[in-house]
Structures are given as C-alpha cells and as structure tokens.
Amino acid sequence: MKYGVGIDISKGKSTVAILSLAGEVIEEPFEIAHDLKGLKILEEKIKNIPKNDLKIVMEETGTYHLPVFGYLIDKGYFVVAENALKIKKYLDRGLRKAKTDIKDSYKLAEYCCDNWYKLNMSYDNEEIYDNLRFLSRQYITSIEIQVQEKVNFSNLCDLLFPGYYQLLDDNTFILGLEVFKKYYHPEIVTNKKQSQFVNEIDKIAKKLGHKGSGITLANKIYNLALNTLSVRPNNKFSQLSAISCADALIIQIKTSKEIISNMDELARELPEYEEISKISGCGNKLTSRIIAEIGDVRRFKNAGSLIAYAGLDAPPYQSGQFEATNRHISKRGNRYLRKTGYEIMKSIKASCSNDNELKIYMIQKENEGKAKKVAKIATLNKFLRQYYGKVKRKYKELEIW
C-alpha cells in the first residue's frame, strides 16, 4: 500500500494529514511545531510506514517550510516542496471554497496520492542548489540596498562636494569612498598643498591595492576642489554624514562581492557550471546566479517547463471560434530568474561579438520591428532552451539524468 502525507505549512507550526492511495484516512490531522519536539512527533507517526511507500508533499512557502523540509530530507524521506500556485489551484477546486488548516492538509495529502507517480524526488545536489538560491536572494537584497546607498551618496556629494561623485568609476569607487571619509569638503582639500594631498591619497590607494590610479584621482579631486562651491559648511555634522554614508556603502559593496564569490565557489561543484560558463555573455557572476535561480533542471520534464517556470510562456487562449494570437508572457514564475536572464541578455548585447548566435537572433528580432525589451525576452526564451539542452546532455554523459 502506498501512502501520501500532506503538510499544511504555517509560520512556526504545521498541520499534517496522512492518507492511503485508496483514500483511507490513516491519521487524523494533527498539529506540530517547527522544533525538534514537533518534528519528532511527526516522525513517530510515520515511522511504521516503509520509506519506499511514503511520499510527503508541502507547499513551497519561501522560508516557513524549510525546517520541516530539511529535517525530513535528512531522515531520508521522499519530500516534495511543490509550487505554491499549483497547490493553490488544486486547493481551490470544487464549488464550495472552505479554507482551514485541517482541510488544506487533507487536500495536500490527496494531491500527493493523486500525483504519486508524477512527483519529482530531490537529488544529491539539492543542498548545493538550496544554498545557491539562499545566497542569490541575499545578493539581490544587498544590491538593492547598495543602489539606495549610492543614491544617498550621490545626493550627499551634491551638498558637500559637488562634482565628486562624477569623478569615480568602477575601478576607483571604493578608493573614492575611503578618500571621501577624510576629504568630504573642498575646504579640507584646499587647505593642503597639492603635492601633499596627492601623496596622502597615493598612500591610501596603495593600501587598497591600487597602483597609479591614486595619483590620477587625487589630482582630479584637487582641481575640482579649487573650482567647486559647497552648499554645506565644513562642520562635525557634515563629517558624521560623510563617514556614515561612505562606510554603509563600502560594507554593502564588500558584502555583495563576498556573496557572489561564495556563489561562484559553490556553483563550480555542479556539472552544469562548465557548460553554462562557456556561453558568451555569462561571466562568473551571471553563471552562478542563473544556476541558483533555475536549480536542478532534472525536475523539469522539458525545456518548455523551464520556460514556464521563468514565466516567459504565452499560454494559448481559445474558446469556440475565437483564438487569441497576440499573447503576453504569463509572468507566473520566478521573477528573479527573469531578472537574472534579462541581465544576461544585456550582457550579450553589450559585450558579445556580432557573430554570436544569441546576439544575431536578438538583432534579427529588433530588425523585424520588435521593441528592444521584447527582443531580449524572445532571446532569453531561446537561451533557456539552450541551457536545458546543454545541461541535459552533460548529465546524460555522466549518467545521472
């Protein structure tokens, strides 16, 4: 006999129901807390059922399901964290819509039984994908904060040292922030001789590993200080604002670099890393991020499923004699995957040679009259099909598909 377990996840607690494939209620719904005591109660309830005859389904809720999911995976159970929209559609079937934790746990157990032979199990690399996805979310959050801090820094420069922000580029940005903490006002700069100021900035640059760029930046800052006018006076309040703003931005830049470095290190353990990194436009950053958002491609039955997961599909709409021909993408999928994919398309357009297959396709769509954004989305669709095919071939070569 086969059995299905449905776990309705809430914050800090869950409701569990157990059914057989024949529809027999094995265990009335019961509640467990997301702690060791609660999880051991769940394990006690299912310990007499052979693991090969048991499958467990819960809704993928972001973070709330992770304690239960991780505990059961570690114990060797077949656990599926199913797509939230798919579960919602299943739960909403029927004429009378009633929602309680008990009813939802029953329906999840029924879903498990109804889809017993379609459920996809977790593979050996699941922990790596989970860690990658976790780091990817932290990276995105860090970048969002970094953008806000850069806007704040730019506004502060307009008040304290107009034109300073425009002197900085990607290579000298951290150096510029360190200099700004000490020389946040033109008055402080012009109180020194130019040669003295240049030497001090050169010392700061050398400590940060910059060779030569410190002298160039110092001369630019000094010349700017001679010709600019500050809106704010040079006082302790201006100093506090400059130091706190620069420090906050430095922390976020270093944090994002540390996160992406760890993501790259993790992603290199996966078979698909080498294949994806060969695609023009996918540097180390974008390769690890796209792998993090897609996860294990073996859970998708074909490339179309992956495209649907990204929300790039345009589902058909037909009724009677009417058939829609101009459909928009569904956007019912992983928005972070769409965002990362779009960044890859921008990278391909900006940095790849004109004989690149994806760039040729993108330009072709633009020449057909498509908007640039539409052309990039169409190319991303093609990219994901290539991604699926390359990774599938790689896994089959390794005989782990």
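What you see is a predicted model, and the numbers here were worked out from it, not measured in a lab.

Calculation notes
As a convention, each chain's residues are numbered from 1 in the sequence order in which they are written. Restriction of local features to residues with pLDDT of at least 70 applies here, the model being predicted, together with a cutoff of 80 or more for giving and counting side-chain atom pairs; totals for whole chains, interfaces and linings are based on all residues. With hydrogens and water set aside, each side-chain value is computed from the structure's full complement of heavy atoms. When two rings of Phe, Tyr or Trp (its six-membered ring) have centres within 6.5 Å they constitute a pair, described as stacked for plane angles under 30 degrees, edge-to-face for angles over 60, and tilted for the intermediate range. We call a charge positioned above a ring when the Lys NZ or Arg CZ atom is no farther than 6 Å from the ring centre and deviates by at most 35 degrees from the ring normal. Burial classes: relative accessible area under 20% of the type maximum marks a residue as buried, over 50% as exposed, and values in between as partly exposed (1.4 Å probe, protein chains only). Secondary structure elements follow DSSP: runs of H or I of four or more residues count as helices, runs of E of two or more count as strands, with numbering from the N terminus. When DSSP finds two or more bridges between a pair of strands, those strands are recorded as paired. Helix axes are fitted only over the stretch in contact, all axes being lines through C-alpha atoms; the angle between N-to-C directions runs from 0 to 180 degrees. In what follows, a contact means two residues having at least one pair of non-hydrogen atoms within 4.5 Å. Looking down the strands as they point away from the viewer, one classifies a crossover as right-handed if the path from the first strand across the helix to the second runs clockwise.

Engineer: Go over the packing of aromatic side chains with me, naming the residues and quoting the values.
Structural biologist: Within the structure shown, the criterion is met by eleven aromatic pairs. Within the aromatic cluster, the residues linked to one another by ring pairs are Phe-153, Phe-161, Tyr-164, Tyr-165, Phe-173 and Phe-180. Across the ring face of Phe-173, the terminal group of Lys-150 is positioned such that the distance to the ring centre comes to 4.9 Å. In this structure, Lys-382 packs its charged tip against the face of Tyr-361, placed 5.0 Å from the ring centre.

Engineer: Tell me what's going on with the pairing of strand β2 (residues 13-20), and back it up with residues and numbers.
Structural biologist: For β2, the buried fraction is high: seven of the eight residues fall into the buried class. Strand direction decides the pairing type here: strand β1 (residues 3-9) and β2, joined by seven bridges, are antiparallel. Paired with Val-5 across the strands is Ile-18, a residue of β2. Count of turn residues in the β1/β2 antiparallel hairpin: three residues, of which Gly-12 carries a positive phi of about 85°. Where β2 lies against strand β3 (residues 25-33), six bridges are found, and the strand directions are antiparallel. The residue bridging Ser-14 from the neighbouring strand is Ile-32, located in β3. Between β2 and the antiparallel strand that follows it, β3, lie four residues; Gly-23 among them carries a positive phi value of about 95°.

Engineer: A description of the sheet that holds strand β5 (residues 78-82) should follow, citing residues and the corresponding values.
Structural biologist: With mixed pairing, the five strands of this open sheet are ordered in space as β3-β2-β1-β4-β5. Each of the sheet's edge strands pairs with one partner strand only, and the pair in question is β3 and β5. Within the sheet, the average angular offset between the axes of one strand and its neighbour, ignoring direction, is 20°. With five bridges joining them, strand β4 (residues 54-59) and β5 adopt parallel strand pairing. Counterpart to Val-57 in the pairing with β5 is Val-80. Along the sheet face, helix α2 (residues 66-74) touches β1, β2, β4 and β5 and points at about 155° away from the line of β5.

Engineer: Please give an account of the pairing of β4 that cites residues and values.
Structural biologist: Of all six residues that make up β4, five are buried, and the element is covered over most of its length. The pairing of β1 with β4 spans five bridges and is classified as parallel. Directly across from Val-5, in β4, lies its bridge partner Ile-56. Following the backbone out of β4, through α2 and into the adjacent parallel β5, one traces a crossover that is right-handed.

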